Amino acid sequence: MMIFIPLLTPLQALAQPRVVTLPFRSVDSFILVDAKIDGTPVRLLVDTGANKTILNAKSFSRAEMHVTKPVNRGAGIVGNALRLRVDLEIAHQFMFSQHVSVMDLEELSRRFGIQFDGLLGQDILNQFHSVCIDYKNHVIELER
């Protein structure tokens, strides 16, 4: 008896969508995910309205940075930030040399009433073909 196992060509393998799941927990209506920045575990608040990913200067291990507190301007925050490259691991996916901003987010954390190490913004999320939030199963599906 012969068994045939279909093999995918490299082109077929690339054409198939690859979906990874990122577990999240919600606090009030905020979505928090676990990630790693340069190998250090962090908790990020998913902010689909944020253009950039922002790390809290207090939580960031390369502190000794002089950043100002952001100012609330309407729907967003404005302030001086340090721009750095970091290695980000999210949903066991490594994203090397990503630009992030570093700001003092302590006041924002207090205002929201939750502790987080940064905001996960569109600059990282838009690197995926699609981002689907599955509230029932508490996962975010990221399709490459």
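Nothing here was measured: the structure is a model prediction, and the numbers come from that model.

## Observations concerning the environment of Leu119
Working step 1: Examined against the element boundaries, Leu119 turns out to sit in strand β9 (residues 118-120).
Working step 2: Taking the C-alpha atoms as reference points, Leu119 and Val46, separated by 73 residues in sequence, lie 5.9 Å from one another.
Working step 3: For Leu119, the residues in contact, after removing those within four places along its chain, are Leu44, Leu45, Asp47, Lys52, Thr53, Ile54, Leu105 and Leu108.

## A look at the packing of aromatic side chains
Working step 1: Summed over the entire model, instances satisfying the criterion amount to four aromatic pairs.
Working step 2: Ring geometry for Phe24 versus Tyr135: centroids 6.2 Å apart, planes at 80°, classification edge-to-face. A residue pair is termed long-range when its members are at least 10 positions apart, and Phe24 in strand β1 (residues 19-27) and Tyr135 in the loop between β10 (130-134) and β11 (139-143) qualify at 111 residues.
Working step 3: Accessibility expressed as a relative area gives 54% for Tyr135, which makes it exposed.
Working step 4: Centroid distance Phe112 to Phe116: 6.5 Å. Interplanar angle 35°. Geometry classified as tilted.

## Considering the layout of surface pockets
In this approach a probe as big as a water molecule rolls over the atoms, and the regions it shows empty are the leftover space.
Working step 1: Taken as a whole, the second largest pocket spans an internal volume of roughly 180 Å³.
Working step 2: Forming the boundary of the second largest pocket are 13 residues, of which Leu22, Asp34, Ala35, Ala91 and His92 lie nearest the centre.
Working step 3: Elements with a minimum of two residues in the lining of the second largest pocket: β1, β2 (30-37) and β7 (82-90).
Working step 4: If one sorts the elements of the lining of the second largest pocket by residue count, β1 sits on top with five residues.
Working step 5: Its residues assigned to classes, the lining of the second largest pocket comprises seven nonpolar, two polar and four charged.

## Comments concerning the nonpolar core
Working step 1: Val33, Leu120 and Ile140 are the most contacted members of the largest nonpolar core, which totals 27 residues.
Working step 2: Of all elements in the fold, only β1, β2, β3 (40-46), β7, β8 (93-103), α3 (122-125) and β11 reach the threshold of two or more residues within this core.
Working step 3: In contact with Val33, other than residues within four places in its own chain, are Leu22, Pro23, Phe24, Val42, Arg43, Leu44, Val46, Leu120 and Ile140.
Working step 4: Counting nine residues, the second-largest nonpolar core is a separate cluster that includes Leu45, Met103, Leu105 and Ile114.

## Considerations on the pattern of salt bridges
Working step 1: One pass over the full model with this rule turns up three salt bridges.
Working step 2: The salt bridge involving Glu106 is made with Lys58; its shortest N-O contact spans 3.9 Å. Taken together, the positions of Glu106 in helix α2 (residues 106-112) and Lys58 in the loop between β4 (54-56) and β5 (71-73) put the pair 48 residues apart, joining distant regions of the chain.
Working step 3: The exposure class of Glu106 is buried, given its relative accessible area of 14%.
Working step 4: Here Glu107 and Arg110 are joined by a salt bridge, their closest N and O atoms 3.4 Å apart. Of this pair, Glu107 and Arg110 both sit in helix α2, three residues apart, roughly one helical turn.

What counts and what doesn't
- The numbers attached to residues start from 1 for each chain and follow its sequence in the written order.
- Per-residue local features are limited, in this predicted model, to residues with pLDDT of at least 70; the limit for side-chain atom pairs, both in listing and counting, is 80 or more; totals at the level of whole chains, interfaces and linings are taken over all residues.
- Side-chain numbers here rest on the full set of heavy atoms in the structure, without hydrogens or water.
- Helix and strand definitions here come from DSSP, where helices need a minimum of 4 consecutive H or I residues and strands a minimum of 2 consecutive E residues; each element is numbered from the N-terminal end.
- A contact between two residues is defined here by any heavy atoms of the two lying within 4.5 Å.
- Ring pairs shown here join Phe, Tyr and Trp side chains whose ring centres sit within 6.5 Å, with only the six-membered ring taken for Trp; geometry is labelled stacked below 30 degrees between planes, edge-to-face above 60, and tilted in between.
- For every residue, the accessible area (1.4 Å probe, protein chains only) is compared with the maximum for its type, and the residue is labelled buried under 20%, exposed over 50%, or partly exposed between those bounds.
- A cavity, in this analysis, means grid points on a 1 Å lattice covering only the protein atoms where a 1.4 Å probe fits yet has no way out; a pocket is instead an open set bounded by protein on both sides within 12 Å along at least five of seven lines, and a residue lines either one if it has an atom within 4 Å of a point.
- Grid points are joined across faces, edges and corners, and a volume is the space filled by probe spheres set on the points.
- Gly counts as polar in this scheme, as do all residues outside two lists: the nonpolar Ala, Val, Leu, Ile, Met, Phe, Trp, Tyr, Cys and Pro, and the charged Asp, Glu, Lys and Arg.
- Buried Ala, Val, Leu, Ile, Met, Phe, Trp, Tyr and Cys residues that are joined via side-chain atoms within 4.5 Å together make up what is termed a nonpolar core.
- Salt bridge, as used here: a side-chain nitrogen of Lys or Arg that lies within 4 Å of a carboxyl oxygen of Asp or Glu.

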